[in-house]
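Breakdown of the fold
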Amino acid sequence: MTKVTAQHIIKQFERWSPKNLAYDWDNVGLQVGTLNKPVENVMVTLDVLENVVDEAIEKQVDLIIAHHPLLFVKLNQINFDTPKGRVVRKLIKHDITVYAAHTNLDVAEGGVNDVMADILEVKNRKPLIETGKDELVKLTVFVPETHLEQVRESIGHAGAGYIGNYSHCTFQVSGEGTFKPQEGTTPYIGKQGELEQVDEKRVETIVPKSKLSAVLKAMEDSHPYEEVAYDLYPLLNEGQSLGVGRVGRLEQPIRLRDFVEKVKVGFDVPNLRVSGDLEKNIQTVALLGGSGEKYIHKAKASGADVYITGDMTFHMTQDAMEMGLAVIDPGHHVEKVVCSKVKQYLEEHCIGEGKLNIIISEVNTEPFTIM
Ligand SMILES: [Zn+2]
């Protein structure tokens with residue numbers, strides 16, 4: 001079986017978590033190495049610390065996909081006597097590529113914040129901090145009637161045709177398509193050099209730009225023609241809000257005390273820090289993976305009863321307390337819950353196209369021990 005390239009894996013990954021979703025200050029994408037190489041073993045991790053790289057060397061990993069960028073603060077030298085320099089040296093020496101998906105994976109639908117919200121069963125959610133709007137594109141594709149169902153279903157499944165809570169919204173009209181296959185073609189219908197006329201449907205639908213490449217791939221895969229005729233029109237209609245953090249509601253109100261237990265179990269942490277009245281019921285939940293203390297006011301303004309984020313400091317927690325906003329800090333490290341989602345996504349989208357093994361790092365990069 002042939003091997004897939006790192007480029008191919010990343011292309012698939014970026015259909016879900018495109019780099020343009022990241023903040024400008026972030027440093028996402030390729031960190032060290034090359035994407036132009038075949039890959040057999042991929043490792044997903046939260047951090048690229050030296051012991052993670054040692055694990056990667058031992059497990060013959062070719063590509064590391066990390067949430068936290070390895071290179072974030074500008075390096076003026078790569079000094080092998082520093083921890084960062086040692087890591088870079090080991091990576092280059094063992095030909096291990098490192099790729100990071102940071103704030104883009106926070107913003108992406110189904111990324112870090114959605115995985116956390118799913119675990120805590122937070123429903124009807126929207127971004128806590130809006131970073132932009134998803135642009136909308138009109139897709140028009142010409143499909144022979146025999147394959148109408150197939151193409152419609154496939155693009156709908158990939159994310160086309162969502163209007164409010166309706167999915168698979170399309171419109172079609174019948175018409176006649178013509179084409180003349182030229183030399184070197186292997187047409188699905190017709191013969192080289194002869195003008196063909198085919199009954200076709202013109203299918204129109206709406207696609208968020210963040211899903212466009214996935215939808216186009218689904219369209220091409222399900223369409224019978226060698227060359228698919230389609231048009232893309234930019235729209236002025238406003239798309240969905242994109243952003244970091246999430247705010248939503250629990251199905252039932254729950255005592256803060258009981259919710260804390262749910263957070264501990266869900267994020268697999270034996271202890272956490274909480275501020276607020278433990279006996280009070282909460283229902284609206286805001287959360288932000290990583291360090292989110294600067295958004296306590298956003299969380300309060302969103303109507304949240306409780307805000308879950310990492311790295312809360314003393315004074316900010318006091319400010320939240322005075323605003324009547326309960327805070328749960330389960331640690332920054334709970335972002336690791338996204339690793340299994342990344343693994344699952346890559347398995348669904350890349351395995352089968354080549355020999356590929358995707359693992360999650362077993363190194364614990366949580367620096368704290370609570371004693
Ligand atoms: Zn983080």
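First, a word on what this report is: a plain description of the structure on this page. Predicted model only: the values in this text are computed from it and were never measured.

Examining the overall build of the chain
The secondary structure content of the chain amounts to 11 helices and 17 strands. Expressed as lengths along the three principal axes of its C-alpha atoms, the size of the chain is roughly 80 × 50 × 35 Å. Counting only residues that meet the buried cut, the chain has 47% of its 371 residues in that class. Taking the intrachain contacts of the chain between residues at least 6 apart in sequence as the baseline, contacts between residues at least 24 apart amount to 72%. A total of about 19500 Å² of accessible surface is found on the chain, and carbon and sulfur atoms cover 50% of it. The centroid of the 40 positive side-chain charges in the chain is displaced by 3 Å from the centroid of its 54 negative side-chain charges.

Some details on the pairing of strand 4 (residues 41-45)
Taking burial as the measure, the five residues of strand 4 include five buried ones, the bulk of the element. Where strand 4 and strand 17 (residues 357-360) come together, four bridges link them in parallel fashion. Paired with N41 across the bridge in strand 17 is N357. In this structure, strand 4 lies alongside strand 5 (residues 63-66), joined through four bridges in parallel fashion. Bridging from a neighbouring strand, V44 pairs with I65 of strand 5. Traced from strand 4 through helix 2 (residues 50-58) to strand 5, the parallel crossover comes out right-handed.

Description of the coordination of the zinc ion
The zinc ion binds to the protein through H68 (NE2), H332 (NE2) and E335 (OE); the donor distances cover 2.0 to 2.2 Å. In the primary structure, the donors to the zinc ion are separated according to the pattern H-x263-H-x2-E. With H68 in the loop between strand 5 and helix 3 (83-93) and H332 in the loop between strand 16 (326-329) and helix 11 (338-350), the pair connects residues that are 264 residues apart, well separated along the chain. Residue H68 is classed as buried on the basis of its relative accessible area, which comes to 14%.

Quick look at the packing of aromatic side chains
Counted under the stated rule, the structure contains seven aromatic pairs. With centroids separated by 5.1 Å and ring planes inclined at 15°, the aromatic side chains of Y23 and W25 adopt a geometry described as stacked. When its relative accessible area of 52% is taken as the criterion, W25 is described as exposed. Through a chain of ring-to-ring contacts, the aromatic side chains of F13, W16, Y99 and Y345 assemble into a single cluster.

Points about unusual backbone geometry
One non-glycine residue, H168, adopts positive backbone phi at about 55°. Look at D268: it is not a glycine, yet its phi comes out positive at around 55°. Turning to its location among the elements, D268 is positioned in the loop between helix 8 (256-266) and strand 13 (273-275). Relative accessible area serves as the criterion here: at 61%, D268 is assigned to the exposed category.

Observations regarding the sheet that holds strand 16
Strands sit in the order 7-12-14-15-16-13 across an open sheet of six strands; the sheet is mixed. The open sheet is flanked by strand 7 (123-133) and strand 13, the only strands paired with a single partner. Within this sheet the neighbouring strands show an average axis-to-axis angle of 20°, counted without direction. With five bridges connecting them, strand 14 (residues 281-291) and strand 15 (residues 306-310) associate as parallel partners. The residue of strand 15 that forms the bridge with L287 is I308. The strands that helix 5 (residues 112-119) touches are strand 7, strand 12 (241-255) and strand 14; relative to strand 14, the one it contacts most, it runs at about 145°.

Let's talk about helix 3
Of all the residues in helix 3, the buried ones are G85, V87, V88 and L91. The arc that holds every buried residue of helix 3, seen down its axis, measures 160°, which confines them to one face. Across from the buried face of helix 3, at angles greater than 90 degrees, the exposed residues are P83 and K93. Looking at the buried side of helix 3, the elements it contacts are strand 2 (29-32), helix 2, strand 5 and strand 6 (97-100). Of the residues trailing helix 3, D95 is marked for its positive phi of about 50°.

Structural notes on the packing of helix 1 (residues 6-16) against helix 11
One way to put it is that helix 1 packs onto helix 11 with a least axis distance of 10 Å and a crossing angle of 120°. Of the two elements, helix 1 crosses helix 11, and the hand of that crossing is right-handed. Facing helix 1, whose interface residues are I9, Q12, F13, R15 and W16, helix 11 presents K341, V342, Y345, L346, H349 and C350. Taken together, the residues that form the contact of helix 1 with helix 11 break down as seven nonpolar, two polar and two charged.

Criteria and thresholds
Position numbers for residues count from 1 along each chain, tracking the sequence in the order it is written. With pLDDT at 70 or above as the cut-off, local features in this predicted model cover only qualifying residues; side-chain atom pairs require 80 or more to be listed or tallied, and sums for whole chains, interfaces and linings still use all residues. Hydrogens are left out, water is left out, and the side-chain values use all remaining heavy atoms of the structure. Going along the chain from the N terminus, every DSSP run of H or I of four or more residues is numbered as a helix, and every run of E of two or more is numbered as a strand. Each residue is placed in one exposure class: buried if its accessible area under a 1.4 Å probe, protein chains only, is under 20% of its type's maximum, exposed if it is over 50%, and partly exposed if it falls in between. Whether two residues are in contact is decided by their heavy atoms, any of which lying within 4.5 Å being enough. Here the Shrake-Rupley method, with its probe set to 1.4 Å, supplies the accessible areas, and only the displayed protein chains count as covering residues. His is not counted, nor are the chain ends, whereas Lys and Arg count as positive and Asp and Glu as negative. Each charge is placed at NZ for Lys, CZ for Arg, CG for Asp and CD for Glu. Any two strands with at least two DSSP-identified bridges between them are counted as paired. Handedness is read with the strands pointing away from the viewer; a crossover is right-handed when the path from the first strand over the helix to the second is clockwise. Coordinating donors are taken to be N, O and S atoms lying within 2.8 Å of the metal, or within 3.2 Å when the metal is Na, K or Ca; because water is excluded from the atom set, some sites may appear incomplete. A pair of aromatic rings is counted whenever rings of Phe, Tyr or Trp (Trp by its six-membered ring) have centres within 6.5 Å, and the orientation is called stacked for planes under 30 degrees apart, edge-to-face for over 60 and tilted otherwise. Angles here are taken between N-to-C directions and fall from 0 to 180 degrees, while the axes themselves are lines fitted to C-alpha atoms, restricted in helices to the stretch in contact. It is the directions from the helix axis to the C-beta atoms whose arc is reported. Left-handed describes a crossing whose near helix is turned anticlockwise from the far helix through less than a right angle; right-handed describes the clockwise counterpart. Residue polarity is assigned by list, with Asp, Glu, Lys and Arg as charged and Ala, Val, Leu, Ile, Met, Phe, Trp, Tyr, Cys and Pro as nonpolar; anything else, Gly included, falls into the polar class.

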